[in-house]
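Structure assessment
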Amino acid sequence: MESVLGRYRNLIILMGVLFLQVLGLAVQVKRNSNDAENTRLIRIWAVGAITPLERGLVWAQNSTGNLWHNYIYLRGVRAENRQLKDQIERMHLEQVRLSEDAAQARRLQTLLAFKEQFIAKTVAAQVIGSSASDLSRIVYIDKGEKEGLKRDMAVITANGIVGKVLLVYPSVAQVLLINDQSSGVGALLEKTRLQGVLRGTPNGEIVLERVMSDEQVPVGETVLTSGGDQIFPKGLPVGTITTVGNGKDLFLNVKVKPAADLSKLEEVLVLVEKQDRQATADDSPHVRAADILAQRLPSVPDKPATDAKPAGDSAAENTSPAAATSGEIKPQPKTGGTLDAKPQTGAKPLVPAVGQAAKVAPSSAPKAASSAVGAANEPNPAQIKPVSTPTTPAKAPSTSPAPPDESNPH
Amino acid sequence: MPITYTSGEQVEVYRFSIPVTIGVPLLALFLQAFVPRRLPFFSYFDLPLLVTIYFAMARRNPISGLLTGAVIGLVQDCLGGHAIGLYGIAKTVVGYGASSLGVKLDVENAGARLLVTLGFYLVHGIVYFTVARGLANLTLDWSWGRGILEGLANAVLGVFLYFVLDKFKQRT
């Protein structure tokens, strides 16, 4: 017996080691292979051994890069700064225009009692490493429990969603990317509103599952999160459809190119806090594009105040606080408000700018929503009447979108 | 003839200092986790596997080889998101096989190392594929063409890596 054990000692030890690992594997699979909490301790040791090196190297790399870019290599920075300032000016105008649209959309949503999920708080994190295996699409980020991260928090970039937090350690966290085969994200198509489930494939691609083969799925359509997975808020960009083919059974095989470059992630945002809240109309006073444009116009001689006064008075009547807070959608003669707010620019010379303002502030609310509010969007002659020119009020309450015209009339 | 049959007494058995024994596998795991984020093509290489093969062949002790493979594989599993044991089992088999082969064959020259690394890369892939599909219920695609190409790339890298690691080995 002893001679047999001695002769096959190596083989017996091999079998023993393999048996132990198979046993451990079987226990994990039986519990739930995706529940990595069961093997937390051994993972903590491994991650604790590897990630400090990664953090150190990333820190050294960033420090060197910052030193070079922020203190040494500053060629062209002034010119770029000038360009960026110009760009900020342009974007400020655009932002004002968009905020008007958003306010109108919120008012409409209030009427329809939409319930929205808002991103309340995010934590920026840096990707410091990966899973050491191309079969497991996982990255490590340099934020963990200390920064308030928890399991199943969504991880995004400015371009689109990235994945979810799988495991959290004191100072690092493991993120399961959306192209891992064990990942699943509720998704819907932007235009056709078809819903499906995004899954990763073994070779790192992303497919949209559960789309019936009789549906029309256009290539190039944008895929958004549906919010059905309770991890990602609704409406975040996921990617675009690249190919559509016949899949198994009655479903289509839809491949999606992720909006975020998952192979070159550097910085990500973790959604640490979401809020479910009812959409409310924003009744706070806000700056309109017309006001900004009017401020930028060269000053012109004041006309007699008799032209502007009636318009201003009537505008004040139309924009009563009660109407604003009640969330009613009423056509607001914006030209009157502009004249009232900026009387120094004069009424008549402002006409081109006022016309512009009407174009700059289009309504981008959904048509369905517009029709839902029904008569509220009907122009009220009594409200539109007192304005400076007869043509302007007709444009102001219009709900048809018009392209912004930012050319200076002067 | 790159691979020559030698008796157990003829082959050299090497050992390594403790810092090398611990540091080199850790460095391999670190690089495997860190570099592919910066250089995506690096994900085709499996540095922990190359280190497992090297230590197993140099020590020529099957028990030492299989334990080295098991530890490196399990740590690699811990860094991933799947169940722990997939890489552990595959690298245990490779470590045992490489050390057993090292006892019987002279694998000191570049040609032998190239062939041995290619062979064990395929063995590793097949064992991993089998265990992942059979035990962990993962969906994986196996391609011989891809496996051989990646095996060749790993074998070429392995030949250079082994020459670097030769500097650290000590005769018993």
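Residues numbered from 1 in each chain as written. Chains lettered and ligands numbered in written order. Predicted model: local features only at pLDDT ≥ 70, side-chain atom pairs only at ≥ 80, totals over all residues.

Here we take up the overall build of chain A. The helix and strand inventory of chain A stands at twelve helices and twelve strands. Buried positions account for 33% of the 410 residues belonging to chain A. Relative to all contacts within chain A whose residues are 6 or more apart in sequence, the contacts with residues 24 or more apart total 68%. (Helix = DSSP H or I, 4+ residues; strand = E, 2+ residues; numbered from the N terminus. Buried ≥ 20, exposed ≤ 12 C-beta atoms within 10 Å, placed from the backbone. Contact = placed C-beta atoms within 7 Å.)

Attention now goes to the interface of chain A and chain B. Each partner contributes residues to the interface: chain A has 43 residues there, and chain B has 35 residues. Those elements giving two or more residues to the side of chain A that touches chain B turn out to be α2 (9-32), α3 (40-72), β1 (115-130) and β5 (173-177) of chain A. Here the side of chain A that touches chain B takes twelve residues from α2(A), the largest share from any one element. Among the residues making up the side of chain A that touches chain B, the classes are represented as 23 nonpolar, 16 polar and four charged. (Nonpolar A, V, L, I, M, F, W, Y, C, P; charged D, E, K, R; others polar.)

Quick look at the nonpolar core now. If you look at the biggest cluster of nonpolar residues, it comprises 103 residues, and the most contacted ones within it are A:Ile141, A:Val162 and A:Val175. Sequence-distant contacts of A:Val175, that is, excluding residues within four places in its chain, are made with A:Ile138, A:Val139, A:Ile141, A:Val155, A:Val162, A:Gly163, A:Lys164, A:Val165 and A:Leu166. (Core = buried A, V, L, I, M, F, W, Y, C linked by C-beta atoms within 7 Å.)

Here helix α3 (residues 62-79) of chain B is 18 residues long and its end C-alpha atoms lie 26 Å apart, about the 26 Å a rise of 1.5 Å per residue gives. Burial analysis of α3(B) places 14 of its 18 residues in the buried class, which makes it a mostly covered element. (Expected span 1.5 Å × (residues − 1).)

On to the environment of A:Ala154, then. Mapping A:Ala154 onto the fold places it in strand β3 (residues 154-156). In this structure A:Ala154 comes out as buried when scored by C-beta crowding, with 25 C-beta atoms within 10 Å.

Moving on to the pairing of strand β8 (residues 206-209) of chain A. Residue and element names in this part refer to chain A. Here β8 shows a buried face lined by Ile206 and Leu208 and an unburied face lined by Val207 and Glu209. Judged from the four bridges that link them, strand β7 (residues 195-200) and β8 form a sheet pairing that is antiparallel. For glycine 200, the partnering residue across the bridge sits in β8 and is isoleucine 206. In this structure, the hairpin formed by β7 and β8 is closed by a connection of five residues, where glycine 204 is found at a positive phi of approximately 85 degrees. Relative to strand β11 (residues 252-258), β8 runs antiparallel, the two being bridged by three bridges. Within β11, the residue paired with isoleucine 206 across the bridge is valine 256. (Pairing = 2+ DSSP bridges.)

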